[in-house]
Amino acid sequence: GHHSPSDPPLPCLPSLPLLGSLMSLRGDQPLHLRLRELGTRYGPLYALYLGPYYTVVVNSYQHAREVLLVRGKEFAGRPKMVTTELLTRGGKDIAFSDYTPLWKSHRRLVQNSFTRFGEGTGRLQNIVLEAVEVLCCDLQASRGQAVDPGPPLMRAVTNVVCSLVFSSTYQPGDPELTSVMEYNEGIVQTIVNGGLVDIYPWLRFFPNPTLDRLKDCIKVRDTLLNKKLEEHKVSLSGGEPRDLLDALLEGQTGVKQARGSGVKGPRSLEVEGICEDHVLMTAAEAFGAGVETTSTTLLWLLAFLLHHPEVQGRVQKELDEVVGCGRSPTVSDRALLPYLDSVINEVMRIRPVSPVLIPHIALTTSSIGGHSICKGTRVLVNLWAIHHDPEHWDTPEDFRPERFLDNEGQRVTPSCFMPFGAGPRVCVGESLARLELFLFVSGLLQRFTFSPAPGVSLPDLQGRLGVVLQPLRYSLTVTARPGWEGEMGEVDKGEVD
Ligand code: HEM
Ligand code: PLO
């Protein structure tokens, strides 16, 4: 950074004490669109006050690269927010915890646990293929009637995460599954990304029904998690971990010391290490992140396919040529399915589930675009603006998967495409998510054609910004493709281990 005190100050939106720049943010537009529009008036890099907090908004790839990659460590902090502090027991998770040495080793443990039995082993693939199978039966049961794909997709991805995290699988209608889906929905509705409670910390001192509901959902979540944890502690054998919870329990550092001495040690022993709270919060987070992001991406994908039947047809043609209909697609087919990958990428470009990422915070005095940035400044990276920037994408508003392919039909990935973020805070679930998306999309499109429900308008493509950017509810009809009209469930999955 070659910045000097004579830097031109960043343009800053007008603001009032306590309310911050609320006047400029008011309106019906979701935050990511409003922040981009303000960029046309204030320039690509500007500041505003979110409540009392000075916040810099980054709308261009060049500046995002500085924040996430070039000076990634300097901007790797996270602000404390009222809702996420409650959700994570004061930052004992990965996503909302500040950048500390403990966080680093915790994040490394989580990444290792993911690799140990997700990627690399066939286990994760089998879990996902099983869920795809059940989902297909669910959809088949609609028998050509209009269905809302949301609930069956949500059940399917919840089942994947439950197997992965606790080795539980549920039949439809299982009360535990229902309670998981309910508390999750409650948390999603009450942790609005950049919601009022997080912007105005003093709001927590007033009666606040949203915060009360969040607390209730957290209670339900904690009861379930504690039950799973106790079961796992009893059955943990010290051999290969069966699931993420096993792997995390083995990786704990905070309690191990105490265990070695034969008695449960004083709390002070656990303070510096990864303790039971970290294990619980990580399991909860893998769970929440795994469910919300994947189901939302799949819902966007189906919505875009309804608008673009020619794209759906081309994916199916590719699948027919590469996989046929005698077996389910597996990861080993992926290399030969570039068009399918380009469709998934285009969905994540045009509707990123996390359009302003999670807020970052400057850990030291640093700089962006030659402007110096003080320690403690919050930074919002507007991924939406980057993914829709006409400087980097032609006709960015159009859904065109071919932009991710070259003339020979081989994959190309522009560096300004970053649906998972980048740098020290990049998504830890990226490869898990990519595997899941691939298996779900290929499995569904091999067997079914999705079309608009007759007499119902096409899905709205604007979406609503909550904790993630979600499409509004819609319905569609599911038709089995030739060769798949019979009963499901008798497919030869082949050997995948
Ligand atoms: C963080 C995207 C799936 C776990 C993030 C971030 C993004 C993202 C944009 C924030 C990066 C930043 O703040 O700079 C996605 C997308 C997904 C997906 C698009 C799927 C389509 C998953 C899954 C998991 C997961 C399946 C776990 C099972 C996390 C965690 C973080 C994170 C723990 C926090 C990382 C940190 O703060 O260090 N993800 N994610 N994500 N994601 Fe994902
Ligand atoms: C979703 C609701 C869950 O009950 C709790 C939860 C945990 C992790 C969050 C996730 C929610 C929403 C999506 C988030 C994820 C961490 C990373 C991911 C914010 C709140 C993204 C897309 O950034």
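Residues numbered from 1 in each chain as written. Chains lettered and ligands numbered in written order. Predicted model: local features only at pLDDT ≥ 70, side-chain atom pairs only at ≥ 80, totals over all residues. Heavy atoms only, no water.

A. Structural context of the pattern of salt bridges. All chains considered together, the criterion is met by 23 salt bridges. One salt bridge connects Glu176 with Lys227, and the closest N-O pair in it is separated by 2.6 Å. Pair noted here: Glu176 is in helix α8 (residues 175-190) and Lys227 is in helix α10 (residues 209-235), with a separation of 51 residues, a long-range link. Lys227 gets classed as partly exposed once you look at its relative accessible area, which sits at 40%. (Salt bridge = Lys/Arg side-chain N within 4 Å of Asp/Glu carboxyl O. Helix = DSSP H or I, 4+ residues; strand = E, 2+ residues; numbered from the N terminus. Buried < 20%, exposed > 50% of the residue type's maximum accessible area, 1.4 Å probe, protein only.)

B. Highlighting the site of ligand 1. As a matter of local geometry, ligand 1 sits amid 27 residues, with Arg78, Arg107, His360, Arg425 and Cys427 nearest to it. One of the side-chain nitrogen or oxygen atoms of Arg78 is found 2.8 Å away from an oxygen atom of ligand 1. Arg425 is positioned such that a nitrogen or oxygen atom in its side chain is 2.8 Å from an oxygen atom of ligand 1. The set of elements that each furnish at least two residues to the shell around ligand 1 consists of α5 (101-117), α14 (276-307) and α18 (430-447). For the shell around ligand 1, the class distribution of residues is 16 nonpolar, seven polar and four charged. (Near = heavy atom within 4 Å. Polar contact = N/O pair within 3.5 Å; in protein donor to acceptor, adjacent residues only side chain to side chain. Nonpolar A, V, L, I, M, F, W, Y, C, P; charged D, E, K, R; others polar.)

C. Expanded view of the packing of helix α6 (residues 123-140) against helix α7 (residues 150-166). The interhelical angle for the contact between α6 and α7, taken along N-to-C directions, is 155°, at an axis separation of 9 Å. Taken together, the axis directions place α6 and α7 in an arrangement best described as roughly antiparallel. The crossing of α6 and α7 is right-handed. Here Leu124, Ile127, Val128, Ala131, Leu135, Asp138 and Leu139 of α6 come into contact with α7, specifically with Pro152, Leu153, Arg155, Ala156, Val160, Ser163 and Leu164. Here the residues of the contact of α6 with α7 are counted per class, giving eleven nonpolar, one polar and two charged. (Axes fitted to C-alpha atoms, helices over the stretch in contact; angles between N-to-C directions. Parallel < 35°, antiparallel > 145°, perpendicular 65-115°, else oblique. Left-handed = near helix turned anticlockwise from the far one by under 90°. Contact = heavy atoms within 4.5 Å.)

D. Looking closely at the sheet that holds strand β3 (residues 360-361). Strands sit in the order β1-β2-β6-β3 across an open sheet of four strands; the sheet is mixed. A single partner strand is all that each edge strand has here, and the edge strands are β1 (45-50) and β3. Sheet analysis places β3 next to strand β6 (residues 378-381), joined by two bridges and oriented antiparallel. From the neighbouring strand, His360 faces β6, where its bridge partner is Val379. Packed on one face of the sheet, helix α2 (residues 31-42) meets β1, β2 (53-58) and β6 and runs near 125° to β1. The sheet contacts of helix α3 (residues 61-70) involve β1, β2, β3 and β6, and relative to β6 the element is tilted by about 125°. (Pairing = 2+ DSSP bridges.)

E. Region of interest: the coordination of the iron atom of ligand 1. Coordination of the iron atom of ligand 1 by the protein involves just one donor, Cys427 (SG), at a distance of 2.3 Å. One can find Cys427 in the loop between α17 (383-387) and α18. (Donors = N, O, S within 2.8 Å, 3.2 Å for Na, K, Ca; no water.)

F. Structural detail: the site of ligand 2. Asn184, Ile187, Glu285, Gly288 and Ser354 are the nearest of the 13 residues found near ligand 2. Here an oxygen atom of ligand 2 and a side-chain polar atom of Asn184 are 2.6 Å apart. Calculation on ligand 2 without its partners gives an accessible area of 480 Å², and the protein chains cover 87% of this total. Grouping the constituent residues of the shell around ligand 2 by class yields seven nonpolar, four polar and two charged. (Areas by Shrake-Rupley, 256 points an atom, 1.4 Å probe, with all protein chains shown as cover.)

G. View of the confidence of the model for the protein chain. For the protein chain, the average pLDDT comes to 88, and 91% of its residues sit at 70 or higher. Predicted confidence is poor over residues 256-271, with pLDDT under 50, and the contacts of this stretch with residues over four places away or in other chains come to 13 contacts. Confidence over residues 489-497 falls short of pLDDT 50; this stretch has 19 contacts with residues more than four positions distant or in other chains. Taken together, the chains of this predicted complex give a pTM of 0.93 and an interface ipTM of 0.99. (pLDDT = per-residue confidence, 0-100.)

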